[in-house]
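Reading the structure
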Amino acid sequence: MRILSGMRPTGRFHLGNYLGAAKNWVELQSKYECFYFVADYHALTTEPDGHKAEDNVFDLTADLISVGIDPKRSVLYLQSKVPEVAELFLLLSMVTPLSWVLRTPTFKDMAKQHPDNVNLGLLSYPILQGADILMVKGSGVPVGKDQLAHLELVREVTRKFNRTYAPVFPEPRALLTETNLIKGTDGKQRMSKTVGNIIGVTDEPEVIRKQVLSMVTDVKRPRKTDPGHPRSCNVCAYYKLLFDDWEHYWELCRKAQIGCFDKKKLLAERLIEMFLPFREVRAELSPELVTRILDEGSERARNVARQTLRETRQAVGLPPYLDR
Ligand code: TRP
């Protein structure tokens, strides 16, 4: 099985990115051939100025390497350095009925969030995603729940392509990350840079401390001496997700033997300690090294992409692919 997944370079890498995706990516490396990439074309759907994403591309790549994506074992690349994906996207779009993309729930959400920039790229976003996957003939796609609708659409388009022309592509399937979508520091929404409720991973300890201490806790516990309600407390949810001894702290909380603030302080210190090895790797990565890794990975991805385009163009009935 070949694995493929990508992430958009839209802001600081956070705990939701790590637990909801990257951690799984790292584990898959020991079993499968993996392709991971920074989706800078996709980022243009919401920020048309590519210059603004430059720092984010470096940061995201460095963060992925820091948390354990190994460029020697996996192909780590930059989407726009493999422009073949754009041609494959074009060919896929020809067999995609408009009604299929119009009903995508994420498109409707995005159109609501950015009413002044509802572009065609936003509508075809999942088809570009399909081109990413099919370009390397990926069959396992590790993603969070929020991406399931896209994957379903990609599967339909794959079947349609294979039916229309020739069985060129394996039908990819989602490998769901087990972690539930964790809520951000507001305790309400999924962690997201735009909402501003994130907890960093490779950030400086002071940053993480500040973010964790800002977390909304048990609202039904006005005083420290009142018993807490771990089941409905976001901080306690983190304990359960991350720590083996979570039950001990849930019990202390129920008995009012630990306050919300102390629980947050401890959470912050433990997270900082957990992420220390990541920060150490991160400190060693220069922009030059990261660029080289991306260049090499992109060249490897391109070799696969060229071969796929040869087959695809032939199946569709176009002149042979010219290597550029
Ligand atoms: N849409 C994904 C996200 O926002 C990123 C992505 C782009 C992706 N292309 C992909 C994920 C292909 C999996 C496969 O997280």
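Residues numbered from 1 in each chain as written. Predicted model: local features only at pLDDT ≥ 70, side-chain atom pairs only at ≥ 80, totals over all residues. Heavy atoms only, no water.

**Quick word on the environment of Y321**
Relative to the helices and strands, Y321 is located in the segment after α13 (287–316). The class of Y321 is buried, set by a relative accessible area of 6%. For the pair formed by Y321 and E311, sequence separation is ten residues and the distance between their alpha carbons is 8.7 Å. Ignoring anything within four residues of it in the chain, the contact list for Y321 reads E84, E87, R306, L309, R310 and R313. Separated by 2.9 Å, the side chains of Y321 and E84 make a polar contact. (Helix = DSSP H or I, 4+ residues; strand = E, 2+ residues; numbered from the N terminus. Buried < 20%, exposed > 50% of the residue type's maximum accessible area, 1.4 Å probe, protein only. Contact = heavy atoms within 4.5 Å. Polar contact = N/O pair within 3.5 Å; in protein donor to acceptor, adjacent residues only side chain to side chain.)

**Here's the deal with the domain arrangement of the protein chain**
Taken domain by domain, the protein chain comprises domain 1 (2–180 + 286–316) and domain 2 (205–274). Placing a centre on the C-alpha atoms of domain 1 and another on those of domain 2 gives a separation of 36 Å. (Domains from an automatic or database assignment.)

**Describing the site of the ligand**
Close to the ligand lie 13 residues, the nearest being F37, Y125, Q129, D132 and Q147. Contact distances for the ligand include 3.4 Å between an oxygen atom and a side-chain N or O atom of R8. At 2.8 Å, a side-chain N or O of Y125 approaches a nitrogen atom of the ligand. When the free accessible area of the ligand is taken as 370 Å², the share hidden by the protein chains comes to 92%. At the level of elements, β1 (2–7), α7 (120–135) and β4 (140–143) are the ones that each hand at least two residues to the shell around the ligand. If you tally residues by element for the shell around the ligand, the top one is α7, at four residues. (Near = heavy atom within 4 Å. Areas by Shrake-Rupley, 256 points an atom, 1.4 Å probe, with all protein chains shown as cover.)

**Concerning the side chain of S298**
Assignment of secondary structure puts S298 in helix α13. The class of S298 is buried, set by a relative accessible area of 3%. Among residues more than four places away in sequence, those in contact with S298 are L76, Y77, L78, K81 and V82.

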